[in-house]
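Listed below are the residues making up each chain.
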Amino acid sequence: MSITNEYIFPFCVTAHSFNYDKSQVAVCPNSNEVHIYARSGTQWTPLHVLKEHDLLVTSVDWAPRTNRIVTCSQDKNAYVWTLDEVTNVWKPTLVHLRINRAATQARWSPMEDKFAVASGDKCVAICYFGEDNDWWVSKHIKKPIASTVLCIDWHPNNVLIACGGTDMKARVFSAFIKGVDQKPAASVWGERLPFNTVCGEFESPSGGWVHGIGFSPDGESVAFVSHDSSLTVATPATGEVTSVRSPNLPFKSLAWTDQSTIVVSGHDCSPMIYAHDGATSWRLVKRLGEDDKNRRSATASPSNNNAAFNLFRQMDSRNQPAKASGTSTGDGSLKSVHQNTITELRRDPTGSPSDISTGGLDGRLVQWNILA
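Residues numbered from 1 in each chain as written. Predicted model: local features only at pLDDT ≥ 70, side-chain atom pairs only at ≥ 80, totals over all residues. Heavy atoms only, no water.

Okay, unusual backbone geometry next. Along the chain, Lys143 connects to Pro144 via a cis peptide bond; the corresponding omega equals 5 degrees. One can find Pro144 in the loop between strand 13 (135-141) and strand 14 (149-154). At Lys76, a residue that is not glycine, the phi angle is positive and equals roughly 75 degrees. Mapped onto the elements, Lys76 comes out in the loop between strand 7 (68-73) and strand 8 (78-84). Taking the relative accessible area as the measure of exposure, Lys76 reaches 36% and is therefore partly exposed. Positive phi is not limited to glycine here, since Lys122 has a value of about 60 degrees. Looking at the element boundaries, Lys122 is found in the loop between strand 11 (114-119) and strand 12 (124-130). In this structure Lys122 comes out as partly exposed when scored by relative accessible area, which is 45%. (Helix = DSSP H or I, 4+ residues; strand = E, 2+ residues; numbered from the N terminus. Buried < 20%, exposed > 50% of the residue type's maximum accessible area, 1.4 Å probe, protein only.)

So this is what it looks like as structure tokens:
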């Protein structure tokens, strides 16, 4: 495992997404704005601020090929941002979501011709560009969702979508849009897949909210993490549903790096690698970052020579008192790279499958290669 880059911003990183070559990153600073930074050597330089939402931005996703950004917010709206090459200004287009509660997460489909927005309105909005109306319209996946949807992930075939939420269930639906999608090939999830078809439903082992979900690279399995500190992997082809309980704090997100490896992260501040043993079980094999004694210092951190200011800033970012605890090092910091909850874990969509990134409440944005 190796940390390839580490940065500290002067705000919480509640969501983030890199562009196609990772030369720019869009981050949500726990406000109604999205900040875009450009890489300049070892520094990140502020480039743009996307201001259109009225309330807290809950998610951002940057499409690597079309270079469009989708954002959603607690104001019940979503915007698709397109860069004007002449003026170098990001221009927003409002999405017709038709929801009455906050939007919680947004993700582009693999083909980038549509995207999904999860919400507290007991539905997932599948959005596509309506040529007739010249704007982004949506269709809702509703039944049998019974509560807020917290997480979504697209299947590699661009048609199926997995979602999980506060009804303690993970489900796989068909998001087939006539006139947009090609008829998908038959798979373990079904053959005929009209819109809103339920292709699979799985329950959290101990009734925890489902915080993160993801399809395996080949689309044959789906994994999700719950608030009961569990990782569950379901494979319809064999009928196997395997759950692994963890003694750690709850997980919030996950990413598959290959068919037998899943990285999870959350309130425990360290990304963790789970591997398949070749039979039917999954086991924890490594906690990332805790053995990396020579990791570089973050260069994006603002400097301040005031000792009192730095002390209180560290107490705030680490969410702990000034004195060291039993899980801390001698200087009062945790042994992990992140010093507070990891809010989001993302896999690099265009680079190596082993490249991931994490953002946290401590302001850190860390890029990892789990094989290096």
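It is worth spelling out the sheet that holds strand 1 (residues 2-8) at this point. What the four strands build is an open sheet, ordered 1-28-27-26; its pairing is antiparallel. Because the sheet does not close on itself, it has two edges, and the strands there are strand 1 and strand 26 (342-347). Averaged over all pairs of adjacent strands, the angle between strand axes in this sheet comes to 15 degrees, irrespective of strand direction. Pairing geometry for strand 1 and strand 28 (residues 364-369), over six bridges, is antiparallel. Considered in strand 28, the bridge of Asn5 is made with Gln367. (Pairing = 2+ DSSP bridges. Axes fitted to C-alpha atoms, helices over the stretch in contact; angles between N-to-C directions.)

With that settled, the discussion passes to the packing of aromatic side chains. Each pair of aromatic rings is reported with the distance of its centres and the angle of its planes. Taken as a whole, this structure holds 14 aromatic pairs when the rule is applied. Taken together, a centroid distance of 6.3 Å and an interplanar angle of 50 degrees make the contact between Phe18 and Trp44 tilted. Highlighted residues: Phe18 in strand 2 (residues 15-18) and Trp44 in strand 5 (residues 43-51), separated in sequence by 26 residues. Ring plane angle 85 degrees and centroid distance 5.6 Å describe the contact between Trp62 and Trp90, whose orientation is recorded as edge-to-face. With a gap of 28 residues between them, Trp62 in strand 6 (residues 57-62) and Trp90 in strand 9 (residues 89-94) connect regions that are remote in the sequence. The exposure class assigned to Trp62 is buried, which follows from its relative accessible area of 3%. Each residue in the set Trp108, Phe115, Phe129 and Trp136 is aromatic and connected to the rest through ring pairs, giving one cluster. The lysine or arginine in question, Lys139, covers the ring of Phe195, its NZ or CZ lying 4.4 Å from the ring centre. (Phe/Tyr/Trp six-rings, centres within 6.5 Å; stacked < 30°, edge-to-face > 60°. Lys NZ or Arg CZ within 6 Å of the ring centre and 35° of its normal.)

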